[in-house]
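Structural overview for review
What follows is the residue order along each chain.
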Amino acid sequence: MHIAYLGPEIPALSATFVYREVFALRARGHRVDVFTVRSPSARATDIDLDDVDVLYGPVGQQITGSLHYASAHPQSAARTLFRAADDVLHGLLESRKALGLVWQAAAGLRLAKRLETAGVEHLHVHFAHFPAQIAMYASIASGIPFSVMGHANDLYENALLLKKKADRSVGFPTISRFNVDLLASMGLPTDKLSVVRCGLPDLPPELPPYTPLRKTPRIGSLGRLVEKKGMLDLIDAFALYRTGAPGATLEIVGEGPERDAMETRIEQHGLHNSITMLGAMSNSQVQQWLGQLDLFVLACRADRQGDKDGIPVALMEAMSHGIPVVSTRLTGIPELIIDNETGYLSAPAAPESLAACMDRSLTDEPNRLRVRKAAHDHLHQEFSMDVNLNRLEAIFEGAAS
């Protein structure tokens, strides 16, 4: 099948799951063309996706491309722009961001031309906010069916016209049952909703060898340094945990706007010799680093705008290395981390609770052995790439039949 993928920024460091999916579909014999709304600000440098077609370039080129399509397909263009104008009127009841729909419809015309020229049969878009809006209008113009993969920020904070997108799509999968229930409560058609995880490729058939607990545990965390990742909570929790484990160390991978605040918090706790900020890493570097940890912690929380994580891929990757994980009871995370079965769960935004989970995971060695085995089995059953590609292909093939 000839499929096109669209995302906001591909190949971005934060979108590992998207290009892994593309490679896996190609390995199954599908032809997959890749489009991105804009070039990534933090590009993944250790992968090669061949040609990635960028929709947003110089403004003059964008306008010219849209006009070329409109002159060649006046009826399709008029239908698309009329639908976009109507969507603006309805969308303004939800958000002023609806004013951007006409510009996104113009981008949809440019995308429609490229899809038609390439002979694409299905368009799949990751994230349900502006990339889905562009995909929706490309589908209206070209008649090519599209599906939308919902994640987190695109549903919790930047939602716009979700029901219209679902109604016009052939499928609206999302990463968790939590999201399915949320979207159903918002009136999205349940026959379009399904769970498709961000699958992990190349899961080891057997657990990696177990490394007995060290007297000086090495703890790690990874994520963009933004409020919803809870890095300040993690630093506070580590300070509490370390009172009973003075040799423990914490390493944090990532970059972002909270770095200065984190460095200040580290100094306030007097932990500059125990906490290391490692900055951004490529995916291959991350895999090597994960295997050296005793515990992986991600202190997810809701930020002040209501944005929060879905099911962070970093948690899955740590589990695939046999590393016990600690995170929080937030959105779909309990579907991956079943407390005291496949990992350990804290209340969000609660450093004392997080510190207690860290202590529990690093003191009870028999329980660690049981938890890492259960995590390994759970990943294979629910979060493997093959399981979730089967779910995606069912959506794509259903659209083609």
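Residues numbered from 1 in each chain as written. Predicted model: local features only at pLDDT ≥ 70, side-chain atom pairs only at ≥ 80, totals over all residues. Heavy atoms only, no water.

**Quick notes on the pattern of salt bridges**
Using the following cut-off: Each salt bridge in this description consists of a side-chain nitrogen of Lys or Arg and a carboxyl oxygen of Asp or Glu lying within 4 Å of one another. The helix count covers DSSP runs of H or I at least four residues long, the strand count covers runs of E at least two residues long, and both are numbered beginning at the N terminus. Exposed residues in this analysis have more than 50% of their type's maximum accessible area, buried residues have under 20%, and partly exposed residues fall in between, with area computed by a 1.4 Å probe over protein chains only.
Tallied over the full model, the rule gives 24 salt bridges. Residues Asp167 and Lys163 are paired through a salt bridge, measuring 2.9 Å at the closest nitrogen-oxygen approach. In this pair, Asp167 and Lys163 both sit in helix α7 (residues 162-168), 4 residues apart, roughly one turn of the helix. Asp167 gets classed as partly exposed once you look at its relative accessible area, which sits at 40%. Exposure remark for Lys163: the relative accessible area of 40% places this residue in the partly exposed category. Its salt-bridge partner being Asp294, residue Arg214 comes within 3.0 Å of it at the nearest N-O pair. Residue Arg214 is found in the loop between β7 (193-195) and β8 (218-222), and its partner Asp294 is found in the loop between α11 (283-290) and β11 (295-297); the two are separated by 80 residues along the sequence.

**Examining the pairing of strand β9 (residues 249-253)**
So the rule is basically this: Between any two strands, at least two bridges found by DSSP are needed for them to pair. Seen with its strands pointing away from the viewer, a crossover is right-handed if its path from the first strand over the helix to the second goes clockwise.
For β9, the tally of buried residues reaches 4 of 5 residues, placing the bulk of the element in the interior. As defined by bridge partners, β8 adjoins β9 across 5 bridges and the pair is classed as parallel. Note that in β9 the partner of Leu222 across the bridge is Val253. Each parallel crossover has a hand, and for β8 linked through helix α9 (residues 231-242) to β9 it is right-handed.

**A short note on helix α12 (residues 313-320)**
Counting buried positions along α12 yields 8 of 8 residues, so the element is predominantly enclosed. Taken as a whole, α12 has its buried residues at Val313, Ala314, Leu315, Met316, Glu317, Ala318, Met319 and Ser320. A positive backbone phi angle near 75° is found at Gly322, which sits one or two residues after α12.

**Section: the state of the cysteines**
Quick note on the threshold: We call a pair of cysteine sulfur atoms a disulfide whenever their separation is within 2.5 Å.
Taken as a whole and assessed by the stated rule, the structure comprises 0 disulfides. With no disulfide of its own, Cys300 lies 13 Å from the sulfur of Cys357, the closest cysteine sulfur.

**Quick notes on unusual backbone geometry**
Positive phi is not limited to glycine here, since Asp202 has a value of about 55°. Mapped onto the elements of the fold, Asp202 is located in the loop between β7 and β8. Although it is not a glycine, Asn340 sits at a positive phi angle of roughly 65°. Looking at the element boundaries, Asn340 is found in the loop between α13 (333-336) and β13 (344-346).

**Let's talk about the sheet that holds strand β5 (residues 146-149)**
Where we set the bar: Helix axes are fitted only over the stretch in contact, all axes being lines through C-alpha atoms; the angle between N-to-C directions runs from 0 to 180 degrees. What makes two residues a contact is simply this: any of their non-hydrogen atoms within 4.5 Å.
With respect to topology, 5 strands assemble into an open sheet ordered β3-β2-β1-β4-β5, the strand pairing being parallel. The open sheet has two edge strands, β3 (52-54) and β5, and neither has a second partner. This sheet shows a mean twist of 25° between the axes of neighbouring strands, independent of strand direction. Docked against the sheet, helix α1 (residues 16-27) engages β1 (2-9), β2 (31-38) and β4 (122-126), running at close to 160° with respect to β2.

**Some words on the packing of helix α3 (residues 74-91) against helix α4 (residues 101-118)**
Cut-off, in case you're wondering: Note on angle classes: values under 35 degrees are labelled roughly parallel, values over 145 roughly antiparallel, values of 65 to 115 roughly perpendicular, and the remainder oblique. In this scheme the handedness of a crossing depends on how the near helix is turned from the far one: anticlockwise by less than a right angle means left-handed, clockwise means right-handed. The nonpolar class holds Ala, Val, Leu, Ile, Met, Phe, Trp, Tyr, Cys and Pro. Asp, Glu, Lys and Arg form the charged class, and all remaining residues, Gly among them, are polar.
Between α3 and α4, the least distance of the axes is 9 Å, while the angle of their chain directions is 155°. In terms of orientation, α3 lies roughly antiparallel with respect to α4. For α3 against α4, the interelement crossing comes out right-handed. Contact residues: α3 offers Ala77, Thr80, Leu81, Ala84, Asp87 and Val88, while α4 offers Leu101, Val102, Ala105 and Leu109. Residue composition of the contact of α3 with α4, grouped by class: 8 nonpolar, 1 polar and 1 charged.

**Brief notes about the side chain of Asp236**
Position of Asp236 among the secondary structure elements: in helix α9. Among the residues examined, Asp236 registers a relative accessible area of 18% and is labelled buried. In contact with Asp236, other than residues within four places in its own chain, are Arg265, His269 and Pro351.

**Here's the deal with the environment of Tyr56**
Checked against the element boundaries, Tyr56 lands in the loop between β3 and α2 (59-72). With a relative accessible area of 22%, Tyr56 lands in the partly exposed category. Expressed as a C-alpha distance, the spacing of Tyr56 and Trp289, which sit 233 residues apart in the sequence, is 35 Å. Here Tyr56 is in contact with Val37, Arg38, Gln62, Trp103, Gln104, Ala107, Arg110 and Ile134, once residues within four sequence places are set aside.

**Structural notes on helix α5 (residues 130-142)**
Each turn of an α-helix holds 3.6 residues, which means side chains three or four residues apart point in the same direction. The following threshold applies: One fewer than the residue count of a helix, multiplied by 1.5 Å, yields its expected span.
Under the 1.5 Å per step criterion, the end-to-end length of α5 is 18 Å for 13 residues, consistent within 8% with the ideal 18 Å. Positioned one or two residues after α5, Gly143 has a phi angle of 80°, which is positive.

**Some words on a nonpolar patch on the surface**
Put simply, the rule reads: Exposure above 30% relative accessible area and no salt bridge define the residues that can form patches, which grow by joining like charges within 9 Å and nonpolar side chains of Val, Leu, Ile, Met, Phe, Trp and Tyr within 5 Å. Each accessible area is a Shrake-Rupley estimate made with a 1.4 Å probe; only the visible protein chains count as cover when residues are assessed.
On the surface, a cluster of nonpolar side chains totalling about 370 Å² of accessible area is made up of Val59, Ile63, Leu67 and Trp103. Among the elements that take part in the nonpolar patch, α2 stands out by supplying 3 residues, more than any other. Topologically, Ile63 is positioned in helix α2. Taking the relative accessible area as the measure of exposure, Ile63 reaches 40% and is therefore partly exposed.

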